[in-house]
Amino acid sequence: MKMVIQRVTRAVVRVGGETVGSIDHGLLVLVGLEKTDGDGEIEKAARRLATLRVFEDDEGKMNRGLDEVCGGVLAVSQFTLAGSIRKGRRPSFDGAMPGNEAEPLFNRFVELVRERGIEVSTGVFGALMEVELINEGPVTFIYEC
């Protein structure tokens, strides 16, 4: 499982020009699932995201979590994160989990984050989406498990 995590002041996802998910202050999370992922990876990633301290405290240090800043999560499934560009000129998606298997795992990931008391908005799984964000910092992390 791979996640690109970006601290944002605002993020919106649209499908067909219509807003389907948005947050103000919080984290935009692009989620890519791989064939080897299962419940263990999903649970670990949800726990990590929910407890990540990447928001500044009064001294300007990254010391606050989502719960402390009343932040939300905009989770967007992104198949291409599981792609590889190591060989050739065209990406290989051999390691990507098929959509019919990835969708329930993505939904479970979202549920697990919500169970930790965090507001989560999402895009539409498998849809062509437009993601707009204002990256605060910029602060961006890559998570792999």
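Here's what I pulled together on the structure shown here.

Definitions and limits used
- Residues numbered from 1 in each chain as written.
- Predicted model: local features only at pLDDT ≥ 70, side-chain atom pairs only at ≥ 80, totals over all residues.
- Heavy atoms only, no water.
- Helix = DSSP H or I, 4+ residues; strand = E, 2+ residues; numbered from the N terminus.
- Rg over C-alpha atoms; globule rule 2.2 N^0.38 Å.
- Buried < 20%, exposed > 50% of the residue type's maximum accessible area, 1.4 Å probe, protein only.
- Contact = heavy atoms within 4.5 Å.
- Areas by Shrake-Rupley, 256 points an atom, 1.4 Å probe, with all protein chains shown as cover.
- Salt bridge = Lys/Arg side-chain N within 4 Å of Asp/Glu carboxyl O.
- Patch = residues over 30% accessible without salt bridge, like charges linked within 9 Å, V, L, I, M, F, W, Y side chains within 5 Å.
- Lys, Arg positive; Asp, Glu negative; His and termini not counted.
- Charge placed at Lys NZ, Arg CZ, Asp CG, Glu CD.
- 1 Å grid on protein atoms, 1.4 Å probe; cavity = no way out; pocket = protein on both sides within 12 Å on 5 of 7 lines; lining within 4 Å.
- Points joined across faces, edges and corners; volume = space filled by probe spheres on them.
- Nonpolar A, V, L, I, M, F, W, Y, C, P; charged D, E, K, R; others polar.
- Core = buried A, V, L, I, M, F, W, Y, C linked by side-chain atoms within 4.5 Å.

A word on the overall build of the protein. Scanning the protein from terminus to terminus reveals 3 helices and 8 strands. Ordering the α and β elements of the protein from the N terminus gives β-β-β-α-β-β-α-β-α-β-β. Scaling as 2.2 N^0.38, a compact globule of 145 residues should have a C-alpha radius of gyration of about 15 Å, and the protein matches this with 15 Å. In terms of overall dimensions, the protein has C-alpha extents of about 45 × 35 × 30 Å along its principal axes. By the burial criterion, 41% of the 145 residues in the protein qualify as buried. Considering only intrachain contacts with a sequence separation of at least 6, the fraction spanning at least 24 residues in the protein is 71%. Within the structure as shown, the protein displays about 8300 Å² of accessible surface, and the carbon and sulfur contribution to it stands at 46%.

One pass over the full model with this rule turns up 7 salt bridges. Residue E132 pairs with R14 through a salt bridge whose shortest N-O separation is 2.9 Å. In this pair, E132 sits in strand 8 (residues 130-144) while R14 sits in strand 1 (residues 2-15), placing the two residues 118 residues apart along the sequence. Relative accessible area serves as the criterion here: at 31%, E132 is assigned to the partly exposed category.

We now examine unusual backbone geometry. In this structure, the amide linkage connecting G137 to the following residue, P138, adopts the cis form with an omega of 0°. Here P138 shows up in strand 8. Positive phi outside glycine occurs at C70, with the angle close to 55°. Among the secondary structure elements, C70 is positioned in the loop between helix 2 (66-69) and strand 6 (72-77). For C70, a relative accessible area of 70% translates into the label exposed.

Here we take up a positive patch on the surface. On the surface, a cluster of positive charge is made up of K44, R47, R48 and R116. With respect to the element layout, R48 can be found in helix 1 (residues 39-51). What makes R48 partly exposed here is its relative accessible area of 43%.

All right, on to the layout of surface pockets then. Estimates place the volume of the largest pocket at around 300 Å³. Those elements giving two or more residues to the lining of the largest pocket turn out to be strand 3 (26-32), strand 6 and helix 3 (99-115). Among the elements that take part in the lining of the largest pocket, strand 3 stands out by supplying 3 residues, more than any other. Broken down by class, the residue content of the lining of the largest pocket amounts to 11 nonpolar, 5 polar and no charged.

On to the nonpolar core. Among the nonpolar cores identified, the biggest contains 30 residues, and M3, L33 and F109 are the most heavily contacted of them. Among the secondary structure elements, those contributing two or more residues to this core are strand 1, strand 3, helix 1, strand 4 (53-56), helix 2, strand 6 and helix 3. Among the elements that take part in this core, helix 3 stands out by supplying 7 residues, more than any other. Here F109 is in contact with M1, M3, V31, I42, A45, A46 and L49, once residues within four sequence places are set aside. Formed by 11 residues, the second largest nonpolar core is a distinct cluster that contains V8, I23, L74 and L81.

The quantities given are spatial measurements derived from coordinates; they are silent on function.
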